[in-house]
Amino acid sequence: MDSDPFQCLDAAGFLRLWQRFDADDNGYIEGKELDNFFYHLLKSLDSESTITEEKIQRVKEQYMSAYDVTADGRLQIQELANMILPEDENFLLLFRRETPLDNSVEFMRIWRQYDADSSGFISSSELRNFLQDLLQQPGKTISKTKLQEYTDTMMKIFDKNKDGRLDLNDLARILALQENFLLQFKLDASSTEERKRDFEKIFAHYDVSKTGALEGPEVDGFVKDMMELVKPSISGTDLDKFRQILLRHCDVNKDGKIQKSELALCLGVKNSP
(Lines give C-alpha, C1' and ligand atoms only; values in the text may rest on other atoms or scores of the structure.)
Protein backbone atom coordinates (compact mmCIF):
# COMPACT_ATOMS: atom_id res chain seq x y z
CA MET A 1 0.00 0.00 0.00
CA ASP A 2 1.95 2.98 -1.27
CA SER A 3 -0.70 5.68 -0.75
CA ASP A 4 -2.39 6.93 2.36
CA PRO A 5 -6.14 7.64 2.09
CA PHE A 6 -6.01 9.56 5.37
CA GLN A 7 -2.96 11.74 4.69
CA CYS A 8 -5.03 14.98 4.69
CA LEU A 9 -7.19 14.05 7.67
CA ASP A 10 -7.37 16.62 10.45
CA ALA A 11 -9.03 16.45 13.87
CA ALA A 12 -12.48 17.41 12.56
CA GLY A 13 -12.23 14.91 9.70
CA PHE A 14 -11.16 12.23 12.12
CA LEU A 15 -14.24 12.93 14.26
CA ARG A 16 -16.53 12.52 11.25
CA LEU A 17 -14.82 9.26 10.34
CA TRP A 18 -15.10 7.94 13.92
CA GLN A 19 -18.78 8.82 14.19
CA ARG A 20 -19.46 7.18 10.82
CA PHE A 21 -18.01 3.80 11.78
CA ASP A 22 -18.79 3.71 15.52
CA ALA A 23 -22.39 3.42 14.42
CA ASP A 24 -23.78 2.38 17.82
CA ASP A 25 -21.76 5.05 19.68
CA ASN A 26 -20.37 2.58 22.23
CA GLY A 27 -16.79 3.86 22.03
CA TYR A 28 -15.47 1.06 19.82
CA ILE A 29 -15.36 0.09 16.15
CA GLU A 30 -16.08 -3.62 16.25
CA GLY A 31 -17.79 -6.50 14.46
CA LYS A 32 -19.52 -5.40 11.26
CA GLU A 33 -18.41 -1.80 11.91
CA LEU A 34 -14.80 -2.98 11.65
CA ASP A 35 -15.43 -4.78 8.35
CA ASN A 36 -17.13 -1.67 6.99
CA PHE A 37 -14.15 0.45 8.01
CA PHE A 38 -11.62 -1.79 6.24
CA TYR A 39 -13.85 -1.94 3.16
CA HIS A 40 -13.79 1.88 3.15
CA LEU A 41 -10.00 1.82 3.59
CA LEU A 42 -9.49 -0.54 0.64
CA LYS A 43 -11.89 1.43 -1.56
CA SER A 44 -10.00 4.62 -0.75
CA LEU A 45 -6.70 3.00 -1.71
CA ASP A 46 -7.97 1.55 -4.98
CA SER A 47 -11.46 2.45 -6.13
CA GLU A 48 -11.18 0.36 -9.31
CA SER A 49 -10.46 -3.04 -7.78
CA THR A 50 -13.07 -5.53 -6.63
CA ILE A 51 -13.10 -5.71 -2.84
CA THR A 52 -13.56 -9.31 -1.77
CA GLU A 53 -14.36 -10.54 1.74
CA GLU A 54 -11.02 -12.37 1.74
CA LYS A 55 -9.15 -9.14 0.96
CA ILE A 56 -11.02 -7.26 3.71
CA GLN A 57 -10.14 -9.92 6.29
CA ARG A 58 -6.48 -10.04 5.21
CA VAL A 59 -6.03 -6.25 5.49
CA LYS A 60 -7.97 -6.18 8.75
CA GLU A 61 -5.67 -8.80 10.23
CA GLN A 62 -2.59 -6.87 9.05
CA TYR A 63 -3.70 -3.57 10.56
CA MET A 64 -5.19 -5.00 13.74
CA SER A 65 -1.99 -6.89 14.57
CA ALA A 66 -0.14 -3.57 14.43
CA TYR A 67 -2.64 -1.20 16.08
CA ASP A 68 -5.00 -3.20 18.32
CA VAL A 69 -2.72 -2.80 21.34
CA THR A 70 -5.35 -4.10 23.75
CA ALA A 71 -5.71 -7.24 21.57
CA ASP A 72 -9.48 -7.29 22.06
CA GLY A 73 -10.41 -7.48 18.38
CA ARG A 74 -11.86 -3.97 18.25
CA LEU A 75 -10.56 -0.44 17.83
CA GLN A 76 -10.66 2.17 20.57
CA ILE A 77 -10.57 5.79 19.52
CA GLN A 78 -6.89 6.20 20.48
CA GLU A 79 -5.96 3.08 18.47
CA LEU A 80 -7.74 4.43 15.39
CA ALA A 81 -6.05 7.82 15.81
CA ASN A 82 -2.64 6.15 15.98
CA MET A 83 -3.51 4.22 12.81
CA ILE A 84 -4.65 7.07 10.61
CA LEU A 85 -3.70 10.52 11.96
CA PRO A 86 -0.36 12.13 11.12
CA GLU A 87 1.64 12.80 14.29
CA ASP A 88 1.32 16.58 14.11
CA GLU A 89 -2.49 16.24 14.00
CA ASN A 90 -2.84 13.39 16.47
CA PHE A 91 -4.11 15.36 19.43
CA LEU A 92 -5.07 12.08 21.12
CA LEU A 93 -1.34 11.33 21.49
CA LEU A 94 -1.48 13.89 24.30
CA PHE A 95 -3.14 11.24 26.45
CA ARG A 96 -0.71 8.40 25.76
CA ARG A 97 1.27 8.00 28.98
CA GLU A 98 4.50 6.22 29.70
CA THR A 99 2.66 4.70 32.65
CA PRO A 100 -1.14 4.36 32.72
CA LEU A 101 -3.17 6.67 34.95
CA ASP A 102 -3.95 4.01 37.53
CA ASN A 103 -4.70 6.05 40.65
CA SER A 104 -7.87 8.10 41.11
CA VAL A 105 -5.90 10.52 43.30
CA GLU A 106 -3.96 11.87 40.30
CA PHE A 107 -7.15 11.88 38.25
CA MET A 108 -8.93 13.96 40.89
CA ARG A 109 -5.97 16.35 41.13
CA ILE A 110 -6.41 17.03 37.39
CA TRP A 111 -10.18 17.32 37.79
CA ARG A 112 -9.94 19.89 40.60
CA GLN A 113 -7.33 21.91 38.73
CA TYR A 114 -9.42 22.34 35.59
CA ASP A 115 -12.91 22.50 37.15
CA ALA A 116 -11.84 26.01 38.03
CA ASP A 117 -15.27 27.25 39.09
CA SER A 118 -15.97 24.11 41.18
CA SER A 119 -19.20 23.53 39.25
CA GLY A 120 -18.75 19.75 39.16
CA PHE A 121 -18.25 19.85 35.38
CA ILE A 122 -15.53 20.74 32.87
CA SER A 123 -16.88 23.44 30.56
CA SER A 124 -15.67 23.99 27.01
CA SER A 125 -13.44 26.89 28.12
CA GLU A 126 -11.97 24.78 30.99
CA LEU A 127 -11.31 21.94 28.53
CA ARG A 128 -9.55 24.42 26.24
CA ASN A 129 -7.29 25.48 29.13
CA PHE A 130 -6.56 21.81 29.84
CA LEU A 131 -5.57 21.13 26.23
CA GLN A 132 -3.54 24.33 26.02
CA ASP A 133 -1.46 23.26 29.03
CA LEU A 134 -0.94 19.79 27.53
CA LEU A 135 0.12 21.25 24.18
CA GLN A 136 2.61 23.72 25.61
CA GLN A 137 6.12 22.82 24.52
CA PRO A 138 9.32 24.93 24.54
CA GLY A 139 9.67 26.81 21.28
CA LYS A 140 6.33 25.61 19.95
CA THR A 141 3.02 27.44 19.88
CA ILE A 142 -0.45 26.37 18.81
CA SER A 143 -2.83 28.73 17.07
CA LYS A 144 -6.10 29.74 18.73
CA THR A 145 -7.98 28.28 15.77
CA LYS A 146 -6.30 24.89 16.08
CA LEU A 147 -6.74 24.85 19.87
CA GLN A 148 -10.46 25.57 19.47
CA GLU A 149 -10.73 22.84 16.82
CA TYR A 150 -9.18 20.30 19.18
CA THR A 151 -11.43 21.48 22.02
CA ASP A 152 -14.59 21.19 19.92
CA THR A 153 -13.55 17.75 18.66
CA MET A 154 -12.79 16.41 22.14
CA MET A 155 -16.10 17.75 23.41
CA LYS A 156 -18.03 16.11 20.57
CA ILE A 157 -16.27 12.77 21.06
CA PHE A 158 -16.44 12.49 24.84
CA ASP A 159 -19.50 14.52 25.90
CA LYS A 160 -21.80 11.49 25.88
CA ASN A 161 -24.99 13.22 27.04
CA LYS A 162 -24.39 16.18 24.68
CA ASP A 163 -24.89 18.90 27.31
CA GLY A 164 -21.80 20.86 26.26
CA ARG A 165 -19.70 19.97 29.30
CA LEU A 166 -17.69 17.03 30.59
CA ASP A 167 -18.48 15.05 33.72
CA LEU A 168 -16.18 12.89 35.83
CA ASN A 169 -16.83 9.83 33.67
CA ASP A 170 -16.16 11.73 30.44
CA LEU A 171 -12.75 12.92 31.67
CA ALA A 172 -11.96 9.41 32.94
CA ARG A 173 -12.50 8.12 29.38
CA ILE A 174 -10.24 10.82 27.93
CA LEU A 175 -7.42 10.05 30.37
CA ALA A 176 -7.94 6.26 30.12
CA LEU A 177 -8.21 5.92 33.90
CA GLN A 178 -7.57 2.32 34.91
CA GLU A 179 -10.05 0.04 36.66
CA ASN A 180 -11.29 1.03 40.11
CA PHE A 181 -8.63 -0.03 42.63
CA LEU A 182 -11.22 -1.12 45.20
CA LEU A 183 -12.74 -3.77 42.93
CA GLN A 184 -9.99 -6.20 43.88
CA PHE A 185 -11.05 -6.30 47.53
CA LYS A 186 -13.86 -8.20 49.21
CA LEU A 187 -15.61 -5.61 51.33
CA ASP A 188 -17.20 -8.39 53.38
CA ALA A 189 -13.90 -10.12 54.15
CA SER A 190 -14.70 -12.71 56.79
CA SER A 191 -11.69 -12.60 59.09
CA THR A 192 -10.28 -9.68 61.08
CA GLU A 193 -6.84 -10.35 59.63
CA GLU A 194 -8.16 -10.16 56.07
CA ARG A 195 -9.88 -6.87 56.79
CA LYS A 196 -6.73 -5.40 58.38
CA ARG A 197 -4.54 -6.56 55.50
CA ASP A 198 -6.91 -5.12 52.91
CA PHE A 199 -7.20 -1.85 54.82
CA GLU A 200 -3.40 -1.41 54.87
CA LYS A 201 -3.22 -1.86 51.08
CA ILE A 202 -6.13 0.49 50.47
CA PHE A 203 -4.81 3.25 52.72
CA ALA A 204 -1.31 3.02 51.21
CA HIS A 205 -2.77 3.32 47.69
CA TYR A 206 -4.65 6.57 48.41
CA ASP A 207 -2.07 8.08 50.79
CA VAL A 208 0.05 9.17 47.80
CA SER A 209 1.86 11.84 49.86
CA LYS A 210 2.74 9.23 52.53
CA THR A 211 1.77 11.54 55.38
CA GLY A 212 -0.43 9.06 57.23
CA ALA A 213 -3.54 11.09 56.40
CA LEU A 214 -5.74 11.52 53.33
CA GLU A 215 -6.25 15.11 52.24
CA GLY A 216 -7.36 17.05 49.15
CA PRO A 217 -7.34 14.88 46.01
CA GLU A 218 -6.46 11.83 48.12
CA VAL A 219 -9.87 12.08 49.83
CA ASP A 220 -11.46 12.78 46.45
CA GLY A 221 -9.88 9.70 44.86
CA PHE A 222 -10.99 7.43 47.71
CA VAL A 223 -14.53 8.88 47.65
CA LYS A 224 -14.79 8.49 43.87
CA ASP A 225 -13.78 4.83 43.94
CA MET A 226 -15.99 4.04 46.96
CA MET A 227 -19.04 5.64 45.34
CA GLU A 228 -18.51 3.86 42.05
CA LEU A 229 -18.76 0.49 43.80
CA VAL A 230 -22.47 1.15 44.26
CA LYS A 231 -23.17 3.74 41.55
CA PRO A 232 -21.10 3.17 38.39
CA SER A 233 -21.76 6.61 36.91
CA ILE A 234 -21.28 9.50 39.34
CA SER A 235 -21.21 13.24 38.77
CA GLY A 236 -18.88 15.84 40.21
CA THR A 237 -21.72 17.17 42.37
CA ASP A 238 -22.43 13.63 43.66
CA LEU A 239 -18.79 13.34 44.64
CA ASP A 240 -18.76 16.67 46.47
CA LYS A 241 -21.83 15.71 48.49
CA PHE A 242 -20.42 12.34 49.53
CA ARG A 243 -17.06 13.92 50.32
CA GLN A 244 -18.75 16.19 52.84
CA ILE A 245 -20.62 13.25 54.38
CA LEU A 246 -17.40 11.23 54.69
CA LEU A 247 -15.52 14.11 56.32
CA ARG A 248 -18.39 14.78 58.69
CA HIS A 249 -18.43 11.17 59.89
CA CYS A 250 -14.72 10.28 59.73
CA ASP A 251 -12.78 13.50 60.36
CA VAL A 252 -13.00 13.26 64.14
CA ASN A 253 -10.52 16.06 64.93
CA LYS A 254 -12.01 18.34 62.21
CA ASP A 255 -8.69 19.20 60.54
CA GLY A 256 -10.03 18.65 57.00
CA LYS A 257 -8.02 15.44 56.65
CA ILE A 258 -8.78 11.79 57.32
CA GLN A 259 -6.12 10.27 59.53
CA LYS A 260 -5.36 6.58 59.11
CA SER A 261 -6.82 5.80 62.54
CA GLU A 262 -9.95 7.82 61.69
CA LEU A 263 -10.54 5.90 58.48
CA ALA A 264 -9.95 2.57 60.21
CA LEU A 265 -12.55 3.51 62.81
CA CYS A 266 -14.97 4.68 60.12
CA LEU A 267 -14.62 1.43 58.16
CA GLY A 268 -14.90 -0.73 61.27
CA VAL A 269 -11.32 -2.04 61.08
CA LYS A 270 -10.18 -2.74 64.64
CA ASN A 271 -6.67 -2.53 66.05
CA SER A 272 -5.18 -1.09 62.89
CA PRO A 273 -1.94 0.75 63.58
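Residues numbered from 1 in each chain as written. Predicted model: local features only at pLDDT ≥ 70, side-chain atom pairs only at ≥ 80, totals over all residues. Heavy atoms only, no water.

A. Local environment of the overall build of the protein chain. Broken down by element type, the protein chain carries 12 helices and 6 strands. Taking all 273 residues of the protein chain together, the buried fraction comes to 44%. For the protein chain, the share of sequence-separated contacts (at least 6 apart) that also reach a separation of at least 24 residues comes to 57%. Of the roughly 15000 Å² of accessible surface on the protein chain, 49% is carried by carbon and sulfur atoms. (Helix = DSSP H or I, 4+ residues; strand = E, 2+ residues; numbered from the N terminus. Buried < 20%, exposed > 50% of the residue type's maximum accessible area, 1.4 Å probe, protein only. Contact = heavy atoms within 4.5 Å. Areas by Shrake-Rupley, 256 points an atom, 1.4 Å probe, with all protein chains shown as cover.)

B. Expanded view of the packing of aromatic side chains. Counted according to the given criterion, the structure contains 9 aromatic pairs. Taking 5.5 Å as the distance between ring centres and 85° as the angle between the ring planes, the aromatic pair formed by F21 and F37 counts as edge-to-face. Of this pair, F21 sits in helix α1 (residues 11-21) while F37 sits in helix α2 (residues 32-45), and the two are 16 residues apart along the sequence. When the ring of F38 is compared with that of Y63, the centres are 5.8 Å apart and the planes differ by 50°; the resulting orientation is tilted. Taken together, the positions of F38 in helix α2 and Y63 in helix α3 (residues 53-67) put the pair 25 residues apart, joining distant regions of the chain. Aromatic rings pair up to connect F21, F37, F38, Y63 and Y67 into one cluster. Sitting over the face of the ring of Y28, R74 holds its NZ or CZ atom 3.5 Å from the ring centroid. Between R165 and the ring centre of F121, over which it is positioned, the NZ or CZ distance is 3.5 Å. (Phe/Tyr/Trp six-rings, centres within 6.5 Å; stacked < 30°, edge-to-face > 60°. Lys NZ or Arg CZ within 6 Å of the ring centre and 35° of its normal.)

C. How the structure looks around the pattern of salt bridges. Counted under the stated rule, the structure contains 14 salt bridges. Through salt bridges with shared partners, a single network forms among R112, D220, D240 and R243. (Salt bridge = Lys/Arg side-chain N within 4 Å of Asp/Glu carboxyl O.)

D. Layout of the state of the cysteines. Scanning the model with the defined rule gives 1 disulfide in all. The partner cysteine of C250 in its disulfide is C266, sulfur to sulfur 1.8 Å. On the sign convention where negative is left-handed, the bridge of C250 and C266, at about -80° about the S-S bond, is left-handed. Separated by 16 residues along the polypeptide, C250 in helix α11 (residues 236-250) and C266 in helix α12 (residues 260-266) bring together distant segments of the chain. (Disulfide = S-S within 2.5 Å.)

E. Main features of the environment of I202. For I202, the location among the structural elements is in helix α9 (residues 192-206). Its relative accessible area of 10% is what places I202 among the buried residues.

F. Layout of the UniProt feature "domain: EF-hand" (unreviewed entry) in the protein chain. Those residues carrying the UniProt feature "domain: EF-hand" (unreviewed entry) are residues 9-44, 102-137, 146-181, 194-229 and 237-273 in this numbering. Secondary structure content for residues 194-229 is 72% helix and 6% strand, and the end C-alpha separation is 19 Å. (UniProt positions renumbered as here; feature names shortened; annotations may be inferred.)

G. Representation of the side chain of N103. When you line up the elements, N103 lands in the loop between α4 (77-84) and α5 (104-114). At 2.8 Å, the side chain of N103 forms a polar contact with the backbone nitrogen of V105. N103 has contacts with L177, H205, Y206 and V208, leaving out every residue within four places of it along the chain. (Polar contact = N/O pair within 3.5 Å; in protein donor to acceptor, adjacent residues only side chain to side chain.)

H. Main features of helix α10 (residues 217-230). Helix length check: α10, at 14 residues, gives a terminal C-alpha distance of 21 Å against a target of 20 Å (1.5 Å per residue), a fit within 8%. Within α10, 10 of the 14 residues are buried, which leaves the element mostly enclosed by the surrounding structure. Of the positions making up α10, those classed as buried are E218, V219, D220, G221, F222, V223, K224, D225, M227 and E228. (Expected span 1.5 Å × (residues − 1).)

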